[in-house]
Each structure stands twice: as C-alpha cells, then as structure tokens.
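Structural characterization, general
Chain by chain, the residues run as shown.
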Amino acid sequence: MSETLFTKIINREISADIVYEDDDCLCFRDINPQAPLHVLLIPKKPIPRAIDATTEDQALLGHLMIKAGEIAKQEGYGEAFRLVVNNGAGAGQTVFHLHIHILGGRPLSWPPG
Ligand code: 5GP
C-alpha cells in the first residue's frame, strides 16, 4: 500500500497545524476548512477506509471517538460539533487514510449534502 499524505504528516514530511497528538492518533487543521472549526483526527495506523477497520481496531476507534469530543471541547465547540467520516470516493473520500472530520462554529444543516 502506498503512503498517503496523512502518513507524511504523521512523519513530519509534510507540515500541518497540529492541535493534538498521542501515541495512537494525530489531529490537525484541514487545509481547506469548511467551518470555523475543521480539523482532521486520524489514527497513526494507516487504515484506508472505515470499512477496512476490523475488530482488532475496536479500541483504537473508540479512542478516536473519545478524543474527537475532547478536541471539539478544547477548541471551544464542545456543545455543538459534527463528526464526519467519508468512506470511499463515492462518498467524497479523497485521502485513503481513515480520518474523522471535526466541524463546528457555524450552523450545520441536516441532512448533510
Ligand atoms: P476527505 O475528502 O478524504 O474526507 O477529506 C480529506 C481532507 O483532507 C479534505 O478536507 C482536504 O481539505 C484535506 N487535505 C488534503 N490535503 C491536505 C493537506 O496537505 N494538509 C491538510 N492539513 N489537509 C489536507
């Protein structure tokens, strides 16, 4: 599997505005923000898509969900934020390293586009 640009960000080969990091995940601001808060939370393990996660990744995915809320709160949007995971090109995924978009700071309509 070829390295994605998110692996390059993890390895500091590409710079990013990092807002949180621990042994298992990294969170950085999206280069093309769609809301006042738009950060990407990624596992350091290069799982391509949500559908590619297995039961082996259960604790890791749970960790990401907990951290997503903590980061939204840390950024000042703990009361209203949205988590988005695009799975596959047909759903808008462009970088094939699993990531959670954390969005907040503007009205978020439903259903999403
Ligand atoms: P996807 O469309 O795969 O769900 O989301 C990929 C996201 O990565 C997009 O929102 C896009 O703006 C963001 N992105 C693409 N290239 C870069 C980059 O080099 N740096 C950062 N920080 N974000 C990027």
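Here is a short report on the structure shown in this document. The structure displayed is predicted, hence computed values, not measured ones.

Looking at the layout of surface pockets
- The computed volume of the largest pocket comes to approximately 760 Å³.
- Residue lining of the largest pocket: 32 residues in total, with D30, Q34, H38, L40 and H101 positioned closest to the centre.
- Counting residues per element, the ones that place at least two in the lining of the largest pocket are α1 (5-10), β2 (25-29), β3 (37-43), β4 (81-84) and β5 (100-104).
- Partitioning the lining of the largest pocket into residue classes produces 16 nonpolar, 11 polar and five charged.

A word on the site of the ligand
- Looking at the ligand, there are 16 residues lining it, with D30, G92, T94, H99 and H101 nearest.
- Here a nitrogen atom of the ligand and a backbone polar atom of R29 are 2.9 Å apart.
- Between the ligand and I31 there is a distance of 3.3 Å, counted from a nitrogen atom to a backbone nitrogen or oxygen.
- When isolated, the ligand has an accessible area of 520 Å², and the protein chains bury 82% of it.
- Judged by its atoms lying within 2 Å of the grid points, the ligand is housed in the largest pocket.
- Of all elements in the fold, only α1 and β2 reach the threshold of two or more residues within the shell around the ligand.
- At three residues, α1 tops the list of elements feeding residues into the shell around the ligand.
- Split into classes, the residues belonging to the shell around the ligand amount to seven nonpolar, seven polar and two charged.

Criteria and cut-off values
Residues numbered from 1 in each chain as written. Predicted model: local features only at pLDDT ≥ 70, side-chain atom pairs only at ≥ 80, totals over all residues. Heavy atoms only, no water. 1 Å grid on protein atoms, 1.4 Å probe; cavity = no way out; pocket = protein on both sides within 12 Å on 5 of 7 lines; lining within 4 Å. Points joined across faces, edges and corners; volume = space filled by probe spheres on them. Helix = DSSP H or I, 4+ residues; strand = E, 2+ residues; numbered from the N terminus. Nonpolar A, V, L, I, M, F, W, Y, C, P; charged D, E, K, R; others polar. Near = heavy atom within 4 Å. Polar contact = N/O pair within 3.5 Å; in protein donor to acceptor, adjacent residues only side chain to side chain. Areas by Shrake-Rupley, 256 points an atom, 1.4 Å probe, with all protein chains shown as cover. Sits in = over half its atoms within 2 Å of the grid points.

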